[in-house]
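# Coordinate analysis (summary)
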Amino acid sequence: MIAEVAVDAPLSKEREVFDYLIPESLGDRLVRGSRVIVPFGRRKVEGYVLRIKGESPYSPLKEIEALLGEEPPLSEEMIELAQWVAKRYFSPLYASLQAMVPSPLRAKYERWIRWNREYDEMPLIVLPEEEEILTYIREKGSLSYKSLLKKFPRADSLLPLFLERKTILEETRIRDGARGKREKLVERKVNPDVLKEALDTLPGTATKQRRILTLFLEEERFPLKEILSRAEALPENLNPLVSKGLLRITEHEVLRDPTKTVFPPDLPKALTPEQGEVYRKILAAYEKEKEPKPFLLHGITGSGKTEVYLQVIQKMRERGKDAIVLVPEISLTPLMVERFKRRFGEEVALLHSALSDGERYDEWRRIMRGDAHVVVGARSAIFAPVQDLGVIIIDEEHETTYKQEENPRYHAKEVAMERARRHKSLLILGSATPSMESYAHAKAGRITLLHLDKRVGQGVLPTVHVVDLRQEMREGHRSMFSRLLLQKMKERLERKEQMILLLNRRGYSTFVLCRSCGHTMECPHCDITLTYHQTSHSLRCHYCGHEEKMVEECPQCHSRSIRQLGVGTEKIEEELKAHFSGIRVIRMDQDTTSRKGAHERLLSSFGREEADVLLGTQMIAKGLDFPKVTLVGLILADIGLHQADFRAAERTFQLITQVAGRAGRHQLPGEVVVQSYSPEHYSIQLGAAQDYRKFFDHEIRIRKKGGYPPFYRLTLIHFEHEEIPVLVKAIQRFAEELRTYLSGDTVVLGPAPSQITRIKDRYRYHCMVKYKNEPKLMDHLKRALENLDAIIEKNGIQVHIDMDPQVYF
Ligand code: ADP
Ligand code: ZN
Ligand code: ZN
């Protein structure tokens, strides 16, 4: 028999699926979805079996080398979904298949070296320094490159020579990370009476053995670690007891539970009339529609969206259906997890990046085996192998983290639509600030729009003050805290309440701003903020490639205080301490949260009121719920506003709304201070008013005028190479050819430099397709790239395609 295998082939290879012979030894153990090791060129690579068949047009065929794991990790649905992802996002099939499984199931390649047995009988005629290493390799037979280097660091420079002489051979080994955690148990092999007798015959000096046996009089088994610590004994004290046949040691697989705590269950809350209506509409769609239309639940922060999700899921569970809940990584807080665990207990599986590989693998297997039915996780949880999907929920649906920025460059929202369609399940997108795209679709009727306009309980929306930083400067106040913010902070310290200070730095790029009038430099063709490039001391547009000289004075007010803007959390912390002596600050940014668990530790410390201020980047903007927080300060709203991105206004509006939602969620009323150099900007004004609908109406006109999504779609083709001329020429040829395939409405922009123009000495440029309707776009792109293949191959240019990019790198 023959297996079609999607292999981990280099990206440049045209084919990704190859035929292999199935050796007899594997025979019927190999099925569709099996993970295998196959020879590929001179290497060994991992692959997934896509199909088993009787014949192949190719010959001679190589044999499959090994099967990894007995149960196939991929179900039919997952294989089909991976094929869909690969096609839709122009990504390698193997990478798409891999996206379906947790990381421990992804092969890790290791370089190994092996002694060439042909040289066994020959004397080594080599230099003394070589001899030592070769003798070592000969003794070992084979070993990993890494462990050899550890022992002989100088082996690195000698290996090429050995390889050339063929005294040693090289191979790639695949390490299978898919192992459950095993735990050793010690069990009593005889009944307590026999044990008692044995205890009596033990010499009095064997105190440790005696302590062990005494413990077994009461209980039948202990984990090895536990019995040793309780008896204060060592493993060797167990051995005689085992050899006497009194005890035995066994090994069991244990599943790691990422949240060890068991939460007290809570009951569904009686829904408010508003919630009730939303809930009924969602379930009615499930009952009545063959393929229920997706829902967009637009509900202000604290309006009880999560409670609606919980109750919809519960209804699905009663019918034996499974649920997937996606939340942005940063809002996967312990609080959020607790709410789901309280309602669904053991049925909840968590999938997110803060789990260890092992934990994630175990959670994934619990889903696979049908032990967990409610999956709560970040983006990749959309591929959770639930069998009978009833509902998918995407909370904070506007978040950019739902888009994966590496192969496969999928959008979890789109994958969710695809899975929901296949399962005829519900899909609920929820947000206080829906993305322009989703809301526009909802208004056009492609998605059903639902609203929650009131906060549950006595929570009221906080008052938002917008401070004009230009005014502050004109009046000689140069601190990064305005006078209003300083006064409000002082009040909080006196009243012993807490505050959150936020510095938005996501996708931070250097833009140029006039500190006197707030003017920023924009592209004359795109209405998009120009980005400052230090190397060329110029301003450039990342959409169309427009470039101009850096200005010396503000074109609007002729002030010379126009320059790049940058502030960091550390600097703010310093200044806070200078203003208020003894102020207790918890800083949360990349630096302080890089270690595992740091995030939770800092947050819970703030929750215990061990600090007055929580200071951080946007990672603290959402999902937090602290009763004592009555003030939120946004240090510089403009940072978000002047990103080189047509979504800048939308992001700024979202941020202010989210931030405002953090204050005054409980009895104490909240206040928000937003500082800005352009306080009159509609995104800041409407964010402060927390008026989503008005914002949408305003923004949608701008998108229409500029020809941006949702009116047009964008696809980015990204190229990388060491030399700019090569890159630009390749992109020009590509764009030229592509234009001939596309319809009249479609434009191809570029070449333009990417936001990060150079990484590791490779330049990054792109061109962008802006289109309304190009059903065959992927085919056209493929064709244009194939025709460019010779140039790409020859020069080693790297290319990838990004559909509907969310972030413009
Ligand atoms: P959102 O997800 O829209 O921010 P939540 O579902 O978190 O809103 O609700 C906000 C708060 O109100 C939570 O503390 C939640 O437990 C509570 N809550 C939600 N719905 C109800 C209800 N029907 N009755 C009582 N409390 C509720
Ligand atoms: Zn100016
Ligand atoms: Zn431009």
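Structure report, in brief. Just so it is clear, the model here is predicted, and its values are computed rather than measured.

### Comments concerning the sheet that holds strand E3 (residues 35–40)
Read from one edge to the other, the open sheet built from five strands follows the order E2-E1-E4-E3-E5, with strand pairing classed as antiparallel. One side of each edge strand has no neighbouring strand; the edge strands of this open sheet are strand E2 (17–21) and strand E5 (66–68). The mean angle between the axes of side-by-side strands here comes to 45°, regardless of whether they run parallel or antiparallel. As defined by bridge partners, strand E1 (residues 2–7) adjoins strand E4 (residues 43–53) across six bridges and the pair is classed as antiparallel. Note on E4: the bridge partner recorded for Ala3 is Ile52.

### Re the site of ligand 1
Of all residues adjacent to ligand 1, which total 14 residues, the nearest are Ala270, Gln275, Lys305, Thr306 and Arg339. One nitrogen or oxygen atom from the side chain of Arg339 is found 2.6 Å from an oxygen atom belonging to ligand 1. Of all the elements, helix H11 (residues 305–318) adds the most residues to the shell around ligand 1, at three residues.

### Considering the pattern of salt bridges
The tally for this structure, following the rule as stated, stands at 58 salt bridges. When the shortest N-O distance is used, the salt bridge between Glu4 and Lys53 registers 2.9 Å. Placement of the pair is Glu4 in strand E1 and Lys53 in strand E4, with a sequence separation of 49 residues. For the pair Glu4 and Lys53, one class covers both residues: buried. The residue Glu318 makes a salt bridge to Lys315 at a minimum N-O spacing of 4.0 Å.

### Topic: the nonpolar core
Within the largest apolar cluster, 82 residues are counted, with the highest numbers of intra-cluster contacts made by Met100, Ile382, Phe383, Ile392, Phe734 and Leu738. Setting aside residues up to four positions removed in sequence, Met100 forms contacts with Leu74, Met78, Leu81, Ala82, Val85, Trp364 and Phe383. Formed by 32 residues, the second largest nonpolar core is a distinct cluster that contains Leu283, Ile313, Leu350 and Leu355.

### Concerning the coordination of the zinc ion (ligand 2)
Looking at the zinc ion (ligand 2), the protein donor atoms are Cys514 (SG), Cys517 (SG), Cys554 (SG) and Cys557 (SG), and they sit 2.3 to 2.4 Å from it. Between the four donor atoms coordinating the zinc ion (ligand 2), the angles at the centre fall across 105 to 113°, so the site counts as tetrahedral. Between consecutive donor residues of the zinc ion (ligand 2), the sequence gaps follow C-x2-C-x36-C-x2-C. In this pair, Cys517 is assigned in the loop between strand E21 (512–514) and strand E22 (531–533) and Cys554 in the loop between strand E24 (547–549) and strand E25 (562–564), connecting sequence segments 37 residues apart. Taking the relative accessible area as the measure of exposure, Cys517 reaches 15% and is therefore buried.

### Side note on the environment of Glu118
Here Glu118 lies in the loop between strand E6 (108–115) and helix H3 (128–140). For Glu118, a relative accessible area of 62% corresponds to the exposed category. Measuring from C-alpha to C-alpha, the distance between Glu118 and Thr167 comes to 8.2 Å, with 49 residues separating the pair along the chain.

### Concerning the pairing of E1
Among the six residues of E1, six are classified as buried, and the element is accordingly described as predominantly covered. Judged by which residues are buried, E1 turns out to be covered on both faces: Ile2, Glu4 and Ala6 on one side and Ala3, Val5 and Val7 on the other are all buried. Two strands pair when backbone bridges link them, and E1 and E2 are joined in this way by five bridges, in the antiparallel orientation. Bridging across to E2, Ala6 finds its partner in Val17.

### Things to note about the sheet that holds strand E23 (residues 538–540)
Read from one edge of the open sheet, three strands run E22-E23-E24, paired in antiparallel fashion. Single-partner strands in this sheet number two, and they are E22 and E24. Shown here is a sheet whose adjacent strand axes are inclined to one another by a mean of 35°, direction ignored. As judged from the three bridges shared by E23 and E24, these two strands associate in the antiparallel manner. Within E24, the position partnered with Ser538 by the bridge is Lys549.

### Let's talk about helix H6 (residues 192–201)
Those residues of H6 not exposed but buried are Leu195, Ala198 and Leu199. For H6, the angular spread of buried residues about the axis comes to 105°, placing them on one side. Looking at H6, the residues exposed on the side facing more than 90 degrees away from the buried face are Asp193, Glu197, Asp200 and Thr201.

### Some thoughts on the pairing of strand E31 (residues 747–759)
The pairing of E31 with strand E32 (residues 762–771) spans seven bridges and is antiparallel. Residue pairing for E32: Leu749 is matched across the bridge by Met768. The hairpin formed by E31 and E32 contains two residues between the paired strands, and Lys760 there has a positive phi angle of roughly 50°.

Rules and cut-offs
- Residues numbered from 1 in each chain as written.
- Chains lettered and ligands numbered in written order.
- Predicted model: local features only at pLDDT ≥ 70, side-chain atom pairs only at ≥ 80, totals over all residues.
- Heavy atoms only, no water.
- Pairing = 2+ DSSP bridges.
- Helix = DSSP H or I, 4+ residues; strand = E, 2+ residues; numbered from the N terminus.
- Axes fitted to C-alpha atoms, helices over the stretch in contact; angles between N-to-C directions.
- Near = heavy atom within 4 Å.
- Polar contact = N/O pair within 3.5 Å; in protein donor to acceptor, adjacent residues only side chain to side chain.
- Salt bridge = Lys/Arg side-chain N within 4 Å of Asp/Glu carboxyl O.
- Buried < 20%, exposed > 50% of the residue type's maximum accessible area, 1.4 Å probe, protein only.
- Core = buried A, V, L, I, M, F, W, Y, C linked by side-chain atoms within 4.5 Å.
- Contact = heavy atoms within 4.5 Å.
- Donors = N, O, S within 2.8 Å, 3.2 Å for Na, K, Ca; no water.
- Tetrahedral: all angles 85-135°; square planar, octahedral: opposite > 155°, others 65-115°.
- Arc of directions from axis to C-beta.

Shape is all these values report; function is a separate question.
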